[in-house]
Amino acid sequence: MIDSNSITMLSIKNLHASINGTGILNGIDLTVKSGEIHAIMGLNGSGKSTLAKVLAGHSAYEVTQGTIEFEGKNLLELAPEERARAGLFLGFQYPVEIPGVANTQFLRLAYNTIQSQRGKEELDPLEFDDFVREKMKLLDMNPDFLDRSVNEGFSGGEKKRNEILQMALLEPKLSILDETDSGLDIDALKIVAKGVNQIINKDNATILVTHYQRLLDYIVPDFVHVMQAGRIVMTGGKELAMELETRGYDWIGSDQRNAKNRLTAGAHA
Amino acid sequence: MSAVLQSLVNQPYKHGFVTDIESDVAPKGLNEDIIRLISAKKNEPEWLLTFRLDAYRKWQSMTEPTWQNVHHPKIDYQDISYYSAPKSKKKLTSMDEVDPELLRTFEKLGVPLHERAALAGVAVDVIFDSVSVATTYKQKLADVGIIFCSISEAVHNHPELVKKYLGSVVPVGDNFYAALNSAVFTDGSFCFIPKGVKCPMDLSTYFRINTEGSGQFERTLVIAEEGASVCYLEGCTAPQFDTNQLHAAVVELIALDNADIKYSTVQNWYAGDENGVGGIYNFVTKRGLAKGVNSRISWTQVETGAAITWKYPSCILRGDNSVGEFYSVAVTNNFQQADTGTKMIHLGKNTRSTIISKGISAGHSNSSYRGLVRITPTAEGARNYSQCDSMLIGDQCGAHTFPYIQVQNNTAKVEHEASTSKIGEDQLFYLSQRGIGAEEAVSMIINGFCKEVFQQLPMEFAVEATKLLSFKLEGSVG
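Description of the structure in this document. (Residues numbered from 1 in each chain as written. Chains lettered and ligands numbered in written order. Predicted model: local features only at pLDDT ≥ 70, side-chain atom pairs only at ≥ 80, totals over all residues. Heavy atoms only, no water.)

1. Some points on the overall build of chain B
Part 1 of the argument: From N to C terminus, chain B includes 13 helices and 23 strands.
Part 2 of the argument: The buried share of chain B, taken over its 478 residues, is 62%.
Part 3 of the argument: Long-range pairs, those at least 24 residues apart, make up 84% of the contacts in chain B with a sequence separation of at least 6.
Part 4 of the argument: As displayed, chain B has an accessible area near 17700 Å², and 50% of this comes from carbon and sulfur atoms. (Helix = DSSP H or I, 4+ residues; strand = E, 2+ residues; numbered from the N terminus. Buried < 20%, exposed > 50% of the residue type's maximum accessible area, 1.4 Å probe, protein only. Contact = heavy atoms within 4.5 Å. Areas by Shrake-Rupley, 256 points an atom, 1.4 Å probe, with all protein chains shown as cover.)

Here is the structure:
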């Protein structure tokens, strides 16, 4: 959904990040505007998930160079919870289990925290229950999800649906969905994609981090970026994902030796 | 994240004030004269003095236990004052006569006394240093035949009951600290629920040590007759002193046929400062006798304070089909040490016991679970389930589990599960990514960890325990 009135939401310039002294991101440039859907693809170890975690502020990673602006603010100065409250959402590849904490309690605390940040009304447990049940219908979720401990004993598909439920509740400006398709069978994938598509609008933006093109059949990206060795080495439209599906990633490696071969279909990669 | 947490950890202990009330303090030291003095001050009958002196003589021949996993400098028992009472001109007959300074103290502590007690529907007995100050709701309870008063009052007004049950579950020579308590106990609560009566409200005792250099030795006795039931709550605080203070209490519970006693404690004695200076030594003997058939004794404890905790609330399951339960959360931070657990002694047929213990260690602290499950030859068909989980916060603390299982009847079924985990960076990151601040995140994870125990607590206590835990641990992560 590319719109001429869209505003720049995220601007990453020359981003370098490392973990325990090992460089993982080696100069990322990426601009995301409102209303856009970007897919970041690449082989395992190319740095896709690291980029997602760095954006969310995971403390294990150190940003050694470069800048990240989110709606004009320096994102790197914000703690993870401040980034979340500013409207940045990370859908986890491996959602974390929190034993003994009822899902509904967790969801309501997260929801109310974000609501109060936005100066909006918080919901008491009863109001929230009605509200969350409505949202759960979007994802074909069984209401007993609410009483179970957060992600504990959830199947892979249930965990991912729970992530998207959180996205639906928190209405983030920028959602980064890290391998949301992994571990999902085709039916679950369709449900999750349907949920995401209902949340996406012209005022928010989405980054899909994925290994396979499969997800992109259901959530159609405006841009596809290919990562390799901690850099974005190629950017194209949705057809690039198709090409990757048929040709694999190897050919990019050889083409990339000529930096000028970089596709720039997106114009602002 | 750590800066926020750092400031939180430095929050002062909020119960650390001293109340300026004139106290009647006995000279330091312990000998037969001091015991006679205590007994005389309290105008006690001869049999109780004999009880005390017997205990004192036994105590003299005993040595402090050394098997527990805690370390502290040797205690000089002659450097402690064994009696400290707020000076009061006359016997109090109503709340209005209580020293207003004292009432303000309880207000600061948040004790639901007086009108607030009425709202909360809790009957409170308050032990200040050594003397019971006020017991609310006495009349209302008396109407259904329940006796709830200080143990000193009970000695005078119901001597036959006290004489019958005092020391019947924890004999005077049971252990070093129990013997000391039996010799010098100055007050405590007494509760008697007659046959067939379900106590209409939760009963509550609030303990506070106020005077520096004094020890607190309270004695609690709860008796539930046939078919009776009661839910009893106990809270504890102390002001902040650099010296260590001794708290050696004894609690005895007796449940007759079909009786049910639920005893909950939220312990928040002063724990010492962040360098381990000062704090209460909490050496407590708590034991319940499930004497009758189908009786039930249930202990729930949330131990957050004290420099050292040495405490094993136990159940002797004598009646057939009797049930013993122990639910515990023990939190240690800084240099606190806790060695706590339970004993379940199965004597009767088809007796059942459940142990759920949650230990949380942070800072440089050390927390040990120590529990004994003994199935005696007569305990046909006995069952026990034990679960001990430890959570570590940081890498300077320790958690230990010492389960002792003795089975002498081959029809018994005993299960033990244990786990140790570290509070996860991943969990904290996940919650923070949803906008939840560090303190709330820690609190949520810990409360989830302790859920099985907290759900045993009465509502107001559960709320207090939840807050207390967050308060104790904020700042330990980051």
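2. Some words on the nonpolar core
Part 1 of the argument: Formed by 115 residues in total, the largest nonpolar core has its most connected members in Leu174 and Ile207 of chain A together with Ile360 and Ile446 of chain B.
Part 2 of the argument: Leaving out residues up to four positions away in the same chain, Ile446 of chain B has contacts with Ile360, Met391, Ile393, Ile423, Leu469 and Leu473 of chain B.
Part 3 of the argument: Core analysis: the next-biggest nonpolar cluster, separate from the first, contains 55 residues, Trp59, Ile147, Phe176 and Phe190 of chain B among them. (Core = buried A, V, L, I, M, F, W, Y, C linked by side-chain atoms within 4.5 Å.)

3. A closer look at the interface of chain A and chain B
Part 1 of the argument: The interface is formed by 32 residues belonging to chain A together with 19 residues belonging to chain B.
Part 2 of the argument: Of the roughly 2100 Å² buried between chain A and chain B, counting both surfaces, carbon and sulfur atoms make up 65%.
Part 3 of the argument: It is Glu81, Phe92 and Leu109 of chain A in chain A that bury the most area against chain B; as a group they hold 24% of the surface buried on that side.
Part 4 of the argument: If you look at where chain A meets chain B, you find one salt bridge.
Part 5 of the argument: Between the two partners, chain A and chain B, sit ten residue pairs in polar contact (both at pLDDT 80 or more).
Part 6 of the argument: For the side of chain A that touches chain B, the secondary-structure elements that each account for two or more residues are helix H1 (48-56), helix H2 (80-85), strand S6 (88-91), strand S7 (98-102), helix H3 (103-117) and helix H5 (156-170) of chain A.
Part 7 of the argument: If you tally residues by element for the side of chain A that touches chain B, the top one is H3 of chain A, at six residues. (Buried area = accessible area lost by both parts, 1.4 Å probe. Salt bridge = Lys/Arg side-chain N within 4 Å of Asp/Glu carboxyl O. Polar contact = N/O pair within 3.5 Å; in protein donor to acceptor, adjacent residues only side chain to side chain.)

4. Side note on the pattern of salt bridges
Part 1 of the argument: A complete count under the given rule lists 27 salt bridges over all chains for this structure.
Part 2 of the argument: For Glu179 of chain A, the salt bridge identified is with Lys48 of chain A, shortest N-O distance 3.8 Å. One end of the pair, Glu179 of chain A, is in the loop between strand S9 (174-178) and helix H6 (186-199); the other, Lys48 of chain A, is in helix H1, and 131 residues separate them in sequence.
Part 3 of the argument: Residue classification places Glu179 of chain A among the buried positions, given a relative accessible area of 7%.
Part 4 of the argument: One salt bridge connects Glu415 of chain B with Arg383 of chain B, and the closest N-O pair in it is separated by 2.8 Å. Of the two residues, Glu415 of chain B is situated in strand S23 (residues 413-422) and Arg383 of chain B in strand S21 (residues 383-392); the sequence distance between them amounts to 32 residues.
Part 5 of the argument: Relative accessible area serves as the criterion here: at 30%, Glu415 of chain B is assigned to the partly exposed category.
Part 6 of the argument: Judged by relative accessible area, Arg383 of chain B falls into the partly exposed class, the value being 33%.

5. Focus: a negative patch on the surface
Residues and elements named next belong to chain A.
Part 1 of the argument: On the surface, Glu121, Glu122, Asp124, Glu127 and Asp130 cluster together into a negatively charged patch.
Part 2 of the argument: With respect to the helices and strands, Glu122 occurs in the loop between H3 and helix H4 (125-138).
Part 3 of the argument: Among the residues examined, Glu122 registers a relative accessible area of 43% and is labelled partly exposed. (Patch = residues over 30% accessible without salt bridge, like charges linked within 9 Å, V, L, I, M, F, W, Y side chains within 5 Å. Lys, Arg positive; Asp, Glu negative; His and termini not counted. Charge placed at Lys NZ, Arg CZ, Asp CG, Glu CD.)

6. So, the pairing of strand S8 (residues 219-224) of chain B
All names here are of chain B.
Part 1 of the argument: The element S8 is largely enclosed, with a buried count of six among its six residues.
Part 2 of the argument: Judged from the four bridges that link them, strand S6 (residues 189-193) and S8 form a sheet pairing that is parallel. Within S8, the residue paired with Phe192 across the bridge is Ile223.
Part 3 of the argument: One ladder, built from six bridges, connects S8 with strand S11 (residues 250-255); its direction is parallel. Each residue of the ladder has a partner; that of Arg219, found in S11, is Val250. (Pairing = 2+ DSSP bridges.)

7. Here's the deal with the sheet that holds S6 of chain A
Residue and element names in this part refer to chain A.
Part 1 of the argument: Strand order in the open sheet formed by six strands is S6-S9-S10-S3-S11-S12, with mixed pairing between adjacent strands. In this open sheet, the two edge strands, each paired with only one partner strand, are S6 and strand S12 (231-236). Across the sheet, the axes of successive neighbouring strands diverge by a mean angle of 20 degrees, strand direction being ignored.
Part 2 of the argument: When strand S11 (residues 223-228) meets S12, the two strands line up antiparallel, connected through five bridges. Paired with Val224 across the two strands is Gly236, which belongs to S12. (Axes fitted to C-alpha atoms, helices over the stretch in contact; angles between N-to-C directions.)

8. Digging into unusual backbone geometry
Part 1 of the argument: In this structure, Asn43 of chain B takes a positive phi of about 55 degrees despite not being glycine.
Part 2 of the argument: In this structure, Asn43 of chain B sits in the loop between helix H2 (32-41) and helix H3 (46-60).

9. Some details on the packing of aromatic side chains
All names here are of chain B.
Part 1 of the argument: Here the structure, examined in full by the defined rule, presents 23 aromatic pairs over all chains.
Part 2 of the argument: Seen from their ring centres, Phe148 and Tyr232 are 6.2 Å apart, and the 90 degrees between their planes marks the pair as edge-to-face. With Phe148 in strand S5 (residues 147-150) and Tyr232 in strand S9 (residues 229-237), the pair connects residues that are 84 residues apart, well separated along the chain. As far as the burial class goes, Phe148 and Tyr232 line up, both buried.
Part 3 of the argument: Between the aromatic rings of Trp310 and Tyr312, the centroid separation amounts to 5.4 Å while the plane-to-plane angle is 85 degrees, which identifies the pairing as edge-to-face.
Part 4 of the argument: Ring-pair connections join several aromatic residues into one group, and the members of that group are Tyr56, Trp59, Trp67, Tyr77, Phe176, Tyr177, Tyr281, Phe283, Trp310 and Tyr312.
Part 5 of the argument: Cation over ring: Arg52 sits above Phe185, and NZ or CZ is 4.3 Å from the ring centre.
Part 6 of the argument: The ring of Phe449 has Lys358 lying over it, and the distance from NZ or CZ to the ring centre is 5.0 Å. (Phe/Tyr/Trp six-rings, centres within 6.5 Å; stacked < 30°, edge-to-face > 60°. Lys NZ or Arg CZ within 6 Å of the ring centre and 35° of its normal.)

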